[in-house]
Amino acid sequence: MLGSGYSFLDEFPKDNVLEQFDMVDRRVISTLGSGSFSIVLEVEHLPKSRDRQENQSPPRGRTKSKRFAIKRMSEESIRCQNRKSDALHCLLSEAVILAAKLPEHKNAISLHGVSSNLFAQPEEGFLVLELLTDTRDQRMHRWKNRRLVEEIGVSALLPRCLRFGEKQKNVEEQHLQIKDIGVVVADVMAFIHRNSILYRDLKPANIGFDADGVLRIFNFGLAREFDQSEPKNLTNKVGTPR
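Below, the structure is looked at part by part. (Residues numbered from 1 in each chain as written. Predicted model: local features only at pLDDT ≥ 70, side-chain atom pairs only at ≥ 80, totals over all residues. Heavy atoms only, no water.)

Description of the overall build of the protein
Next up, step 1: Regarding its fold elements, the protein presents 5 helices and 11 strands.
Next up, step 2: Pairs at least 24 apart in sequence give 70% of the contacts found in the protein among residues at least 6 apart.
Next up, step 3: Looking at the protein as shown, the accessible area adds up to about 14500 Å², and 51% of this sits on carbon and sulfur atoms. (Helix = DSSP H or I, 4+ residues; strand = E, 2+ residues; numbered from the N terminus. Contact = heavy atoms within 4.5 Å. Areas by Shrake-Rupley, 256 points an atom, 1.4 Å probe, with all protein chains shown as cover.)

Laid out in structure tokens, this is it:
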């Protein structure tokens, strides 16, 4: 448990590696997803904060696109006092973990920056994250549909006795794709654990892919730093109920 004097700002990097943003002249493209505490939006053209100095380092991250994902508290979590404290904790904790606790990894989402008011007014603040193209669930659904179309097309050209074999081949190829995903997920989770972070919310909906098809683990809101030399009281009520 965090003490009453704990401040996320104290753990945030002071070396100006991260860009600070505001939301002036933003254009919201779409809602990418929402959860119990937060909402994620696709936005275009996030101007720099007016408070940022020109001699600061460039933003951390990979993509040069002008489109990003921003994550902020949901209106429901702001209004509900029972959720507000947890929502604030998750948003600020994710900012600190991605900015200061977890080194960059090709299969973990990149934090490009935060809003200039994140710690002063967290209810209005947000994280600026790299934009992913789809999740594991969406990709699997697309693979399944593509295989179905290919199977129907091939079956029309094959004798009935050979159609089952072609179908079995497609199933085996899809299983190999799933195994490939599993190997990458296992590798990045091992990396996260080696850096003393408990992720605590691994599920298909939190596995995404960037524009180049590279897998990314995202949504670190429930993740917590863990020091085995200093045991903490961590609840087992995490993850997504099934």
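Quick look at the nonpolar core
Side chains of nonpolar character tend, in soluble globular proteins, to be buried together.
Next up, step 1: With 38 residues, the main nonpolar core has Leu111, Leu127, Ile217 and Phe220 as its most contacted residues.
Next up, step 2: Those elements that provide at least two residues to this core are strand S4 (67–73), helix H3 (81–101), strand S5 (111–115), strand S6 (127–129), helix H5 (160–194), strand S9 (207–209) and strand S10 (215–217).
Next up, step 3: Ranked by the residues each element gives to this core, the list is headed by H3, at 9 residues.
Next up, step 4: Discounting residues that sit within four places of it in the chain, leucine 127 has contacts with Ala69, Ile70, Lys71, Leu91, Glu94, Ala95, Leu111, Gly113, Val114 and Leu118. (Core = buried A, V, L, I, M, F, W, Y, C linked by side-chain atoms within 4.5 Å. Buried < 20%, exposed > 50% of the residue type's maximum accessible area, 1.4 Å probe, protein only.)

Some words on the environment of glycine 213
Next up, step 1: Among the secondary structure elements, glycine 213 is positioned in the loop between S9 and S10.
Next up, step 2: Between the C-alpha atoms of glycine 213 and threonine 133, which are 80 residues apart in sequence, the distance is 8.4 Å.

A closer look at the sheet that holds S9
Next up, step 1: Read across the open sheet, the 3 strands follow the order S7-S9-S10; overall the sheet is antiparallel. On the outer flanks of this sheet lie strand S7 (134–135) and S10, each paired with one strand and no other. (Pairing = 2+ DSSP bridges.)

Brief notes about the sheet that holds strand S1 (residues 19–21)
Next up, step 1: Read across the sheet, 6 strands follow the order S1-S5-S6-S4-S3-S2 without closing on themselves; strand pairing throughout is mixed. Because the sheet does not close on itself, it has two edges, and the strands there are S1 and strand S2 (27–34). Adjacent strand axes in the sheet meet at a mean angle of 30°, parallel and antiparallel pairs treated alike. (Axes fitted to C-alpha atoms, helices over the stretch in contact; angles between N-to-C directions.)

Section: unusual backbone geometry
Next up, step 1: Located in the positive-phi region is arginine 200, a residue other than glycine, with phi close to 70°.
Next up, step 2: Structurally, the position occupied by arginine 200 is in the loop between strand S8 (197–198) and S9.
Next up, step 3: Positive phi, close to 70°, is recorded for asparagine 219, a residue that is not glycine.
Next up, step 4: For asparagine 219, the position within the fold is in the loop between S10 and strand S11 (224–225).

Nothing here speaks to function; it is geometry throughout.
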